Amino acid sequence: QVQLVDTGGGLVQPGGSLRLSCAASGSIFNIYAMGWYRQAPGKQRDVVAVITSGGSTTYANSVKGRFTISRDNGKNTVYLQMNSLKPEDTAVYYCNADLKRTVGGPRSDYWGQGTQVTVSS
């Protein structure tokens, strides 16, 4: 069993900051990429940022320069530092992990339960 728990959402004013965390636990052999996605009401889930096990990062154009993704491989944890938040950043944020549970097993995607981020004055 693998579990991803994402935390850190909340209500923040425009221009404010939040830091999301996501810890993966359970039977894990290796985690490859970890990332954050978000889904606003009535819209599809979109990628926000992804980080590989080697530390390479990719960001959606809408968050470049404002958000920073990082990870602690020893703790199987990924973070998303969000600065200069805008109302359009309001969404449920989900963490994702691309991992193997056993050395010979398949790579699969796992998801956190989601954490609400609301940017409003």
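Coordinates for the structure precede this section.
Everything numeric in this text was worked out from a predicted model, so none of it was measured. (Residues numbered from 1 in each chain as written. Predicted model: local features only at pLDDT ≥ 70, side-chain atom pairs only at ≥ 80, totals over all residues. Heavy atoms only, no water.)

A. Inspection of the state of the cysteines at higher detail. If you walk through the whole model with that rule in mind, you get one disulfide. Note that Cys22 is cross-linked by a disulfide to Cys95, the S-S spacing being 2.0 Å. The sign of the S-S torsion, about 45°, decides the handedness of the disulfide formed by Cys22 and Cys95: right-handed. With Cys22 in strand β3 (residues 18–26) and Cys95 in strand β9 (residues 91–100), this pair connects stretches of sequence that are 73 residues apart. Each member of the pair, Cys22 together with Cys95, is buried. (Disulfide = S-S within 2.5 Å. Helix = DSSP H or I, 4+ residues; strand = E, 2+ residues; numbered from the N terminus. Buried < 20%, exposed > 50% of the residue type's maximum accessible area, 1.4 Å probe, protein only.)

B. Quick look at the sheet that holds strand β7 (residues 67–72). Taking strand neighbours across the sheet as the criterion, the four strands line up as β1-β3-β8-β7 in an open arrangement whose pairing is antiparallel. The strands lining the two open edges of the sheet, one partner per strand, are β1 (2–7) and β7. Each strand of the sheet is rotated relative to its neighbour by a mean of 15°, with strand direction disregarded. When β3 meets strand β8 (residues 77–82), the two strands line up antiparallel, connected through six bridges. Of the residues in β8, the one forming a bridge with Leu18 is Met82. (Pairing = 2+ DSSP bridges. Axes fitted to C-alpha atoms, helices over the stretch in contact; angles between N-to-C directions.)

So, to be careful, I would describe these as geometric facts and stop short of saying anything about function.
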